[in-house]
Amino acid sequence: LDGELLRLWSALEHGDTTVAWQQLDLCTRLAGELRLPHYAWITAVARTGLHIATGSLDEAERLTEHARDARQRTDNATIALFMAAQRIHVQSLRGQLEDVAEGLRAIGMSLPLLSDSLECSLILTYARAGQCDRARAELTEIAADDFARVPRTPGWLMNMATLANACTVIGDLDIARKRISAAHLAGCDAVKFQKRTVEVVDTAEELAKPRENPFGT
């Protein structure tokens, strides 16, 4: 089953959603035969992920709500984290930024070790929601001492990229320069800043239109 799951992820990475759905059906059947909770939830996560990747947000949201109800029957923190992350991702794609912020804060309270990393995502969420003063204040705080609060873990670059996006949204050049210095000290030879607030660039009607992409319509 592990090998079939790898084939599923590989197909999705290559944009072959037909094969990905076929693999998901196979993995679901094998997980049912094994009757192991781990594989039951990981195939559920994969199903929600495929719906997100192919733009079926209504179905993805339904699955995340179902998963949240089912989660009450388990105390597995990993399962709770994955399912909460998928629900937050759907909310973010829908522009439900207040719900995103609430979800991130809830994860931080239940998993304190992730709180500093989640703070990076919260800052960007505040900025995207138009709460620029709040985002700027928290960004200034986390940028102190060369971003010492940002954990030096494998996710460090991702967190710094999130903060870079927040810088561009609120237009804070001083913190952007500090971020460049921190990246240089970490061994990076290039830094990218990108500003594109989807909710500003496109109307709600335009965002709701189906589009062809490598993962489907």
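Novice: Got a sec to walk through the overall build of the chain? Specific residues and values, please.
Specialist: Of the regular secondary structure elements, the chain holds 13 helices and 0 strands. For the chain, the sequential pattern of α-helices and β-strands runs α-α-α-α-α-α-α-α-α-α-α-α-α. The buried share of the chain, reckoned over its 217 residues, is 36%. Sequence separation of 24 or more characterises 54% of the internal contacts of the chain that already satisfy a separation of 6 or more. Element-wise, carbon and sulfur atoms account for 55% of the exposed surface of the chain, whose accessible area totals about 12,800 Å².

Novice: Kindly report on helix α7 (residues 115-128), identifying the contributing residues and their values.
Specialist: Here α7 spans 20 Å end to end across 14 residues, near enough to the 20 Å set by a 1.5 Å rise per residue. Counting buried residues along α7, 10 of its 14 residues qualify, which places the element largely inside the surrounding structure. Residues of α7 that are buried in the fold lie against α6 (97-110), α8 (132-142) and α10 (156-170). G130 lies just past α7 and shows a positive phi near 90°.

Novice: Can you lay out α6 for me, pointing to particular residues and giving the numbers?
Specialist: Compared with an ideal rise of 1.5 Å per residue, which puts 14 residues at 20 Å, α6 spans 20 Å between its outermost C-alpha atoms and is within 8% of the ideal. When α6 is considered as a whole, its buried residues turn out to be L97, V100, A101, G103, L104, I107 and G108. Taken around the axis of α6, the buried residues stretch over an arc of 165°, which confines them to a single face. Exposed residues pointing more than 90 degrees away from the buried face of α6 are listed as E102, M109 and S110. Next to the buried residues of α6 lie α5 (77-93) and α7.

Novice: Any chance you could break down the nonpolar core for me, citing the residues and the numbers?
Specialist: One finds I123, L139, I142, F147, V150, M160 and L163 to be the most contacted residues of the largest nonpolar core, which totals 28 residues. Where this core is concerned, the elements lending two or more residues are α5, α6, α7, α8, α10 and α11 (173-185). With 7 residues, the top contributor of residues to this core is α7. The next biggest cluster of nonpolar side chains, apart from the first, holds 12 residues, and it includes A20, L24, I42 and L50.

Novice: Which residues make up the packing of α6 against α7, and what values do they have?
Specialist: Two numbers describe how α6 lies on α7: the axes approach to 10 Å, and their chain directions differ by 165°. In terms of axis orientation, α6 runs roughly antiparallel to α7. Where α6 crosses over α7, the two elements pack in a sense that is left-handed. Contact residues: L97, V100, A101, L104, R105, I107 and G108 in α6; S115, L118, S121, L122, T125, Y126 and R128 in α7. When its residues are assigned to classes, the contact of α6 with α7 shows 8 nonpolar, 4 polar and 2 charged.

Novice: An account of the side chain of T43 is requested, with residue identities and associated values reported.
Specialist: You can see T43 is positioned in helix α3 (residues 37-53). A distance of 2.9 Å separates a polar side-chain atom of T43 from the backbone oxygen of A40. Ignoring any residue separated from it by four or fewer positions in sequence, one finds T43 in contact with L5, L24, C27, T28 and A31.

Novice: Please give an account of the confidence of the model for the chain that cites residues and values.
Specialist: Residue-level pLDDT values for the chain average 82, and 84% of them are 70 or greater. No element of the chain has a lower mean pLDDT than helix α12 (residues 198-201), at 62, and none a higher one than helix α2 (residues 17-34), at 93.

Novice: Requested: an account of unusual backbone geometry, with residues and values cited.
Specialist: Although it is not a glycine, R35 adopts a positive phi angle of roughly 60°. Topologically, R35 is positioned in the loop between α2 and α3. R35 gets classed as exposed once you look at its relative accessible area, which sits at 74%. Phi at D146 takes a positive value of approximately 55°, unusual for a residue other than glycine.

Novice: Describe the packing of helix α1 (residues 2-13) against α3, naming the residues involved and giving the relevant values.
Specialist: Packed helix pairs are characterised by how far apart their axes lie and by the angle those axes make with each other. Two numbers describe how α1 lies on α3: the axes approach to 12 Å, and their chain directions differ by 10°. Taken together, the axis directions place α1 and α3 in an arrangement best described as roughly parallel. Here D2, L5, L8, W9 and L12 of α1 come into contact with α3, specifically with Y39, I42, T43, A46, L50 and A53. Grouping the constituent residues of the contact of α1 with α3 by class yields 9 nonpolar, 1 polar and 1 charged.

Criteria and cut-off values
Residues numbered from 1 in each chain as written. Predicted model: local features only at pLDDT ≥ 70, side-chain atom pairs only at ≥ 80, totals over all residues. Heavy atoms only, no water. Helix = DSSP H or I, 4+ residues; strand = E, 2+ residues; numbered from the N terminus. Buried < 20%, exposed > 50% of the residue type's maximum accessible area, 1.4 Å probe, protein only. Contact = heavy atoms within 4.5 Å. Areas by Shrake-Rupley, 256 points an atom, 1.4 Å probe, with all protein chains shown as cover. Expected span 1.5 Å × (residues − 1). Arc of directions from axis to C-beta. Core = buried A, V, L, I, M, F, W, Y, C linked by side-chain atoms within 4.5 Å. Axes fitted to C-alpha atoms, helices over the stretch in contact; angles between N-to-C directions. Parallel < 35°, antiparallel > 145°, perpendicular 65-115°, else oblique. Left-handed = near helix turned anticlockwise from the far one by under 90°. Nonpolar A, V, L, I, M, F, W, Y, C, P; charged D, E, K, R; others polar. Polar contact = N/O pair within 3.5 Å; in protein donor to acceptor, adjacent residues only side chain to side chain. pLDDT = per-residue confidence, 0-100.

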